Amino acid sequence: MTTQYTVFGNPIAHSKSPQIHSLFAAQEQAQISYTRTLVENNREAFQAALNQFFANGGCGANVTLPFKEHAFSLCDALSKRAQAASAVNTLIPQSNGTILGDNTDGIGLVSDLRDHLGITLSGCRILILGAGGAARGVILPLLSCEPERIVIANRTHSKAIDLANQFGIHAQEFATLKPEFDLIINATSGSVSGDIPPISPPIFSGCLWAYDMFYSAKPTAFLQFAAQHGAQNTADGLGMLVAQAAAAYQLWRGFTPQIAPVIATLRAELSA
């Protein structure tokens, strides 16, 4: 019997997860079924869909917007990463019938930065732009790499302070930032609409890498802005997408996929 996986979301038709996991399965030489599940945007509908999927023999699931916080509240147990993120993107059924919730976004980012792009995170000076769920989900894995410093900046400064206090990092207002960062990560949702965080152009002077968690066929407005003002290298979040999926696949099946060929396949399709 083919093992069943799915991704829950709304909207969900755009999700590349089925393609990504099919490519992973090909590497493993395994037969899996990975589907998209569109769910009405409320907690009750999500819980019902989740329960039905696992009652019907589902072997694992991913969760995307807007259900990551709902998944966090519905799991029977949570990984430390999920607890830190206050959100779950990976559901892992246990032998006793319970569901373990994990969050692979942060380790997906670290894998892309360190293993795929070759960035040395130990001793790195990191600036994170944004203080929402995307930022919250990656701070703990980044801290595990022992950077010299992590600073977070957000339009609503109080939210940056809350995250800084939770994780023992630093919060600064945009106006006080100086050009002292090796890696600048855009964790805001602005790239969806082409917006750029209110960051001063000189901040990119001496910056080795500018990274946008959003991905697209062409460089995002943030990455173009960064390159124009001194960032030596830029990268978008396509590698993070593939790497977080690979982490979920490994949690479900005990097989660690190679991410580089999958990134190359998706990039070629985006550029076509």
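Overview of the structure.

## Describing the overall build of the chain
Assigned secondary structure in the chain consists of 10 helices and 12 strands. Against the compact-globule benchmark of 19 Å for 272 residues, the chain has a radius of gyration of 19 Å, which places it among compact chains. Expressed as lengths along the three principal axes of its C-alpha atoms, the size of the chain is roughly 55 × 40 × 30 Å. By residue count, 48% of the 272 residues in the chain fall in the buried class. The long-range fraction of contacts in the chain, counting pairs at least 24 apart against all pairs at least 6 apart in sequence, stands at 67%. Accessible surface, the chain: about 12,200 Å² in total, of which carbon and sulfur atoms supply 50%. When the 16 positive and 19 negative side-chain charges of the chain are each reduced to one mean point, those points stand 1 Å apart.

## Some remarks on the pairing of strand β3 (residues 60-63)
Every other side chain in a regular strand lies on the same face of the sheet, so the side chains alternate between the two faces. Burial of the side chains of β3 extends over both faces: Gly 60 and Asn 62 are buried on one face and Ala 61 and Val 63 on the other. Sheet topology note: the strand β1 (residues 3-9)/β3 ladder contains 4 bridges and is parallel. Paired with Phe 8 across the bridge in β3 is Val 63. Judged from the 2 bridges that link them, β3 and strand β5 (residues 90-93) form a sheet pairing that is antiparallel. Residue Ala 61 lies in a different strand from β5, and its bridge partner there is Leu 91.

## So, the pattern of salt bridges
This model, assessed by the stated rule, comprises 7 salt bridges. Among the ionic pairs, Lys 68 bridges to Asp 105, the shortest N-O distance being 2.9 Å. Of this pair, Lys 68 sits in helix α3 (residues 68-74) while Asp 105 sits in helix α5 (residues 105-116), and the two are 37 residues apart along the sequence. On the accessibility criterion, Asp 105 (14% relative accessible area) is buried.

Rules used in this analysis
Residues numbered from 1 in each chain as written. Predicted model: local features only at pLDDT ≥ 70, side-chain atom pairs only at ≥ 80, totals over all residues. Heavy atoms only, no water. Helix = DSSP H or I, 4+ residues; strand = E, 2+ residues; numbered from the N terminus. Rg over C-alpha atoms; globule rule 2.2 N^0.38 Å. Buried < 20%, exposed > 50% of the residue type's maximum accessible area, 1.4 Å probe, protein only. Contact = heavy atoms within 4.5 Å. Areas by Shrake-Rupley, 256 points an atom, 1.4 Å probe, with all protein chains shown as cover. Lys, Arg positive; Asp, Glu negative; His and termini not counted. Charge placed at Lys NZ, Arg CZ, Asp CG, Glu CD. Pairing = 2+ DSSP bridges. Salt bridge = Lys/Arg side-chain N within 4 Å of Asp/Glu carboxyl O.

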